[in-house]
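Listed below, chain by chain, are the residues.
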Amino acid sequence: MNTPPLIWQNTLPQPFGPSEHPALARIAAAESLTAALRALPHRFSVNLLHSGTGEAGPLLADGFPQMPQKPFCRDVYLCLDGTPVVWARSQCRPESAFWRNTLDCGTRPLGEILFGGIAGLSRSPLQYALPRPGLLPQASQALLVRRSFFTHQGESLGLAECFLPALAGFLR
């Protein structure tokens, strides 16, 4: 049986709108998730899970025409006070030297680089989806997923961010 694709939309899906969950809505709508999490009164850190060739996943696949089965990926947990609150995946074509070099940043937040003034960088609008339980092992209980695509000199980078239940505890 095929699993239905995620339904992506350009606005926050219910029940995560500003009137229902104002703090989560503010974080989810932030241009830079790194900056939004750093603004909270908690210690922000990045836990690198994987950097290298990986399996193409369901969060970014339809955003890349003819993406190879084995894209170059970077998987991280964004943490507050050592607790994972967001699982993020960045992926690009394996032959993209610019994006592979950009993703080779260890535990440095990718947001620092992307919003640090790369000339000629463009970003698609943010898209949001409600994940299905068990969609991803790294974020099996995700509350909300957002994604966007960055383009530099004709090469694309996809970025998906899965908001984990622990985040809600830090927003009270």
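Refer to the structure printed above.
Residues numbered from 1 in each chain as written. Predicted model: local features only at pLDDT ≥ 70, side-chain atom pairs only at ≥ 80, totals over all residues. Heavy atoms only, no water.

A. Looking closely at the overall build of the protein. The helix and strand inventory of the protein stands at five helices and seven strands. When the elements of the protein are put in sequence order from the N terminus, they spell out α-α-β-β-β-α-α-β-β-β-β-α. In summary, the protein has a C-alpha radius of gyration of 15 Å against a globular reference of 16 Å for 172 residues, a match within 12%. Along the first, second and third principal axes, the C-alpha set of the protein runs to 45 × 40 × 25 Å. When burial is assessed residue by residue, the protein has 48% of its 172 residues classed as buried. Of all intrachain contacts in the protein linking residues separated by at least 6 positions in sequence, the fraction that spans at least 24 positions is 64%. Approximately 8,500 Å² of the protein is accessible, and the part contributed by carbon and sulfur atoms is 54%. Of the side chains in the protein, 14 bear a positive and 11 a negative charge, and the two mean positions are spaced by 3 Å. (Helix = DSSP H or I, 4+ residues; strand = E, 2+ residues; numbered from the N terminus. Rg over C-alpha atoms; globule rule 2.2 N^0.38 Å. Buried < 20%, exposed > 50% of the residue type's maximum accessible area, 1.4 Å probe, protein only. Contact = heavy atoms within 4.5 Å. Areas by Shrake-Rupley, 256 points an atom, 1.4 Å probe, with all protein chains shown as cover. Lys, Arg positive; Asp, Glu negative; His and termini not counted. Charge placed at Lys NZ, Arg CZ, Asp CG, Glu CD.)

B. A look at the pattern of salt bridges. Under the counting rule described, the total for this entry stands at six salt bridges. The partner of Arg123 in a salt bridge is Glu31, and the shortest N-O contact between them spans 3.2 Å. Residue Arg123 is located in strand S4 (residues 121-123), and its partner Glu31 is located in the loop between helix H1 (22-29) and helix H2 (33-38); the two are separated by 92 residues in the primary sequence. Relative accessible area serves as the criterion here: at 22%, Arg123 is assigned to the partly exposed category. Note that Glu55 is salt-bridged to Lys70, the shortest N-O span being 2.3 Å. On the criterion of sequence distance, the pair formed by Glu55 in the loop between strand S1 (44-53) and strand S2 (72-80) and Lys70 in the loop between S1 and S2 is long-range, its members being 15 residues apart. (Salt bridge = Lys/Arg side-chain N within 4 Å of Asp/Glu carboxyl O.)

C. Spatial organisation of the packing of aromatic side chains. The final tally for this structure, using the stated rule, is two aromatic pairs. When the centroid spacing of 4.9 Å and the interplanar angle of 75 degrees are considered together, the rings of Phe98 and Trp99 count as edge-to-face. We classify Trp99 as buried; its relative accessible area is 0%. Between the aromatic rings of Phe115 and Phe150, the centroid separation amounts to 6.2 Å while the plane-to-plane angle is 80 degrees, which identifies the pairing as edge-to-face. On the criterion of sequence distance, the pair formed by Phe115 in the loop between helix H4 (110-114) and S4 and Phe150 in strand S6 (residues 144-152) is long-range, its members being 35 residues apart. (Phe/Tyr/Trp six-rings, centres within 6.5 Å; stacked < 30°, edge-to-face > 60°.)

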